[in-house]
Amino acid sequence: MPVKKDSAGNRSVEAQVDVPGTPEDVWNAIATGPGISQWFVPSELEGRIGGTSVSHFAADGSMDSVATITAWEPPKRFVAEAPGQSGTVATEWTVEAKSGGLCTVRVVHRWFATSDDWDDQFEGHSYGWIAFFRLLRLYLTHFPGQHGSAFQLLVPSSQALADAWRKLVEPLGLANATEQRRVASDTQAFGGVVERTGPQDHPELVVRLDQPAPGFAHLFALPMGGMTFLSVRFFLFGEDAASVAKREEPRWRTWLEKHFPTPSE
C-alpha cells in the first residue's frame with residue numbers, strides 16, 4: 001500500500017483484513033505467541049507494556065525480529081516498537097468488531113524519515129502482511145483456537161524469480177495450480193484445495209491441506225539481495241500434527257536441498 005507522509009517527516013503504511021471470530025478469539029490469534037505461531041512465524045510475546053515480542057524468521061535465530069510492547073489494550077489494540085535501519089518503527093495492531101461475527105484486523109507501521117529511501121521497503125511490508133493475513137483468515141475460519149505444529153524452510157537460488165519459482169513448483173506438479181481446484185503432488189505428501197495463486201511478480205501458492213494432515217501450506221518466492229529466496233511453510237492441525245510435522249520436515253528439507261543445492265565454495 002502507498003506510504004502516507006506528512007510535512008514533518010512522519011510516515012506510515014497499513015494493511016487490514018476481515019476475519020471471523022469474536023474480538024477475544026482474534027486477539028488470541030494476533031497477540032499471543034502460540035496464536036501468532038499458527039499462521040505467521042514462530043513467535044513469543046509478553047502481553048504487557050514493556051514486554052518483548054520476538055518473531056523467528058529463520059530456525060537458527062539469524063533473522064529474529066525483536067520489539068518492545070509500548071501499548072497494551074486487550075482485546076483491541078497493542079503497539080510494538082523496534083529499532084531498524086530507518087530508525088524506530090512502531091507497529092500498531094487493532095481489532096475492531098463488525099456485524100456478522102467478523103472483526104477487522106489492521107496493522108500500521110509508523111516511522112520518521114527525512115527522505116524516501118525506505119518507502120519502497122515499507123510498501124513491500126504492507127503487501128507482505130496482506131499475504132500473511134490470508135493465512136490468518138484461513139486459520140480463524142477452519143482451525144480457530146487450535147494449536148498445531150508448523151515448520152518453515154527457506155532456500156536461496158541464484159536463478160531469476162520466475163525461473164526459481166518454476167523450478168520449485170513444476171517437480172511438485174503445481175505449476176498449473178488454479179484457485180478453488182484440488183492439487184496433489186506425485187513426489188511429496190501434499191494435497192488439498194488451492195486458496196491463492198499469486199501474480200508473476202509475486203509468486204505464491206496457498207493450499208488448504210488434507211494431506212499430509214489438515215492444515216494449510218504457503219509457498220512463495222522473494223527476490224532479495226540479488227538472489228531469489230524460496231519459502232515452504234506448513235501449518236498442520238489435528239491429533240497427529242506433531243508426528244506428521246516431525247516426519248515431513250526432513251523429507252521436505254532433503255527434497256529442497258536436492259533441487260536447490262548449496263553452491264560449492
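In what follows, the structure referred to is the one given above.
Residues numbered from 1 in each chain as written. Predicted model: local features only at pLDDT ≥ 70, side-chain atom pairs only at ≥ 80, totals over all residues. Heavy atoms only, no water.

**Student:** Just checking my understanding: could you explain the overall build of the chain for this structure?
**Tutor:** In terms of regular secondary structure, the chain is built from five helices and 14 strands. In terms of overall dimensions, the chain is globule-like: its C-alpha atoms have a radius of gyration of 19 Å, near the 18 Å expected for 265 residues. Summarising its shape, the C-alpha atoms of the chain cover approximately 55 × 45 × 30 Å along the three principal directions. Residue burial in the chain is summarised as follows: out of 265 residues, 45% are buried. If you take every contact in the chain between residues at least 6 apart in sequence, the share linking residues at least 24 apart comes to 51%. A total accessible area of about 13,500 Å² is found for the chain, and carbon and sulfur atoms account for 51% of it. Averaging the locations of the 23 positively and 32 negatively charged side chains of the chain gives two centres separated by 4 Å. (Helix = DSSP H or I, 4+ residues; strand = E, 2+ residues; numbered from the N terminus. Rg over C-alpha atoms; globule rule 2.2 N^0.38 Å. Buried < 20%, exposed > 50% of the residue type's maximum accessible area, 1.4 Å probe, protein only. Contact = heavy atoms within 4.5 Å. Areas by Shrake-Rupley, 256 points an atom, 1.4 Å probe, with all protein chains shown as cover. Lys, Arg positive; Asp, Glu negative; His and termini not counted. Charge placed at Lys NZ, Arg CZ, Asp CG, Glu CD.)

**Student:** Please clarify how the sheet that holds strand E13 (residues 215-224) should be interpreted in this entry.
**Tutor:** In a beta sheet, neighbouring strands pair by backbone hydrogen bonds and run either parallel or antiparallel. Pairing within the open sheet is antiparallel, and its six strands lie in the order E9-E14-E13-E12-E11-E10. Looking along the sheet, the strands with just one partner apiece sit at the ends: strand E9 (149-157) and strand E10 (182-184). Geometrically, the sheet is characterised by an average inter-axis angle of 25 degrees between neighbouring strands, direction not taken into account. When E10 meets strand E11 (residues 191-197), the two strands line up antiparallel, connected through three bridges. The partner of Arg182 across the bridge, within E11, is Val193. Strands E9, strand E12 (204-211), E13 and strand E14 (227-236) of the sheet are contacted by helix H4 (residues 161-169), whose axis makes an angle of about 150 degrees with E13. (Pairing = 2+ DSSP bridges. Axes fitted to C-alpha atoms, helices over the stretch in contact; angles between N-to-C directions.)

**Student:** Mind showing me how you'd approach the pattern of salt bridges here?
**Tutor:** Opposite charge on two side chains permits them to pair, given that their charged atoms come into close proximity. Tallied over the entire structure, the rule returns 14 salt bridges. The partner of Asp18 in a salt bridge is Lys98, with the nearest N and O atoms 3.0 Å apart. A residue pair is termed long-range when its members are at least 10 positions apart, and Asp18 in strand E2 (residues 10-20) and Lys98 in the loop between strand E7 (89-97) and strand E8 (102-112) qualify at 80 residues. Here Arg166 and Asp163 are joined by a salt bridge, their closest N and O atoms 2.9 Å apart. Here the residue Arg166 and the residue Asp163 both occupy positions in helix H4, the gap between them amounting to three residues, near one helical turn. Given a relative accessible area of 37%, Arg166 falls into the partly exposed group. Each of Glu73, Arg77, Glu92 and Arg110 takes part in a single network of salt bridges with overlapping partners. (Salt bridge = Lys/Arg side-chain N within 4 Å of Asp/Glu carboxyl O.)

**Student:** Help me understand the pairing of E11 in this model?
**Tutor:** If a strand is regular, its side chains alternate between the two faces of the sheet. The loop that links E10 with its antiparallel partner E11 comprises six residues. Relative to E12, E11 is paired through six bridges, and the arrangement is antiparallel. Paired with Gly192 across the two strands is Leu209, which belongs to E12. Remark: six residues form the turn of the hairpin made by E11 and E12, two consecutive strands paired antiparallel.

**Student:** Just checking my understanding: could you explain the sheet that holds E2 for this structure?
**Tutor:** The eight strands lie next to each other as E1-E2-E8-E7-E6-E5-E4-E3, forming an open sheet whose pairing is antiparallel. At either margin of the open sheet sits one strand with a lone partner, and together these are strand E1 (4-5) and strand E3 (43-45). As defined by bridge partners, E1 adjoins E2 across two bridges and the pair is classed as antiparallel. Paired with Lys5 across the two strands is Arg11, which belongs to E2.

**Student:** What should I look at first to understand the nonpolar core in this one?
**Tutor:** Burial of nonpolar side chains together is a common tendency in soluble globular proteins. Ranked by internal contacts, the top residues of the largest apolar core, which has 36 residues, are Trp39, Phe133 and Leu136. When residues of this core are traced back to their parent elements, those giving at least two are E2, helix H1 (23-30), strand E5 (64-73), strand E6 (77-82), E7, E8 and helix H3 (119-142). Among the elements that line this core, the one with the most residues is H3, at eight residues. For Trp39, the contacting residues outside a window of four places in its chain are Ala29, Ile30, Trp93, Trp129, Phe132, Phe133, Leu135, Leu136, Tyr139, Phe216, Arg233 and Phe235. In this structure, Phe151, Phe234, Ala241 and Val244 belong to the second largest nonpolar core, which totals 32 residues. (Core = buried A, V, L, I, M, F, W, Y, C linked by side-chain atoms within 4.5 Å.)

Without other data, these values stay purely geometric and don't point to any function.
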